[in-house]
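Close look at the chain arrangement
Below, each chain spelled out in residue letters.
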Amino acid sequence: MKQVLRDFPQIDYFPIVVFSERAVLKNVTTWTPVIYSRELIQTIKNLNSEHNLTYEQMSKISVRLNGLRMHGGRDRKEHIRTIRNKNIIETKSSDSRICPRCGSQLRLRKGRLGEFFGCASYPACTYTENIRF
Ligand SMILES: [Zn+2]
């Protein structure tokens, strides 16, 4: 965003995470405000930033940002997939998993029902663990 608006160096940036009303917010701990969309205007007002943009500048910024927004379902699906994949990779790469039965490492394995963690000593040890998301 700063890249897109680099010709407006006077802008202050405040990160805010906004969810639609359909989302259920779990216990989120972060310094960034995490809010529902209905709280957005008030949250922005509370930030109490200096009004250092002219109306004309704000219009230009608005037009440019609208051009960036994700359109249609495809981009959104892509976005969700990217996040899901990231989670899977993080789960897979946590390789400190140790078999509680024999102390060997757990390895990622592919079975008929998908991927799971299996003991490296298989078939001597048949311990398995589901991949958690
Ligand atoms: Zn084992």
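All figures in this text were calculated on a predicted structure; none of them were measured in a lab.

**Things to note about the overall build of the protein chain**
- In terms of regular secondary structure, the protein chain is built from three helices and five strands.
- The helix and strand sequence of the protein chain, counted from the amino end, reads β-β-α-α-α-β-β-β.
- For the protein chain, restricting intrachain contacts to residue pairs at least 6 apart in sequence, the fraction spanning at least 24 positions comes to 21%.

**Concerning the pairing of strand β4 (residues 114-119)**
- Here strand β3 (residues 106-111) runs beside β4; their pairing, made up of six bridges, is antiparallel. Each bridged residue has a counterpart across the sheet, and for Gly111 the counterpart in β4 is Gly114.
- Here β3 hands over to β4 after two residues, the two strands then running antiparallel side by side.
- Summarising the sheet, β4 and strand β5 (residues 128-130) pair through three bridges and their orientation is antiparallel. Its bridge partner being in β5, Phe116 is matched across the sheet by Asn130.

**A word on the UniProt feature "domain: DNA topoisomerase type IA zn finger" (unreviewed entry) in the protein chain**
- Taken from the UniProt record, the annotation "domain: DNA topoisomerase type IA zn finger" (unreviewed entry) applies to residues 97-131.
- End C-alpha atoms of residues 97-131 are separated by 11 Å, and the span's content is 0% helix alongside 43% strand.

Rules and cut-offs
Residues numbered from 1 in each chain as written. Predicted model: local features only at pLDDT ≥ 70, side-chain atom pairs only at ≥ 80, totals over all residues. Helix = DSSP H or I, 4+ residues; strand = E, 2+ residues; numbered from the N terminus. Contact = placed C-beta atoms within 7 Å. Pairing = 2+ DSSP bridges. UniProt positions renumbered as here; feature names shortened; annotations may be inferred.

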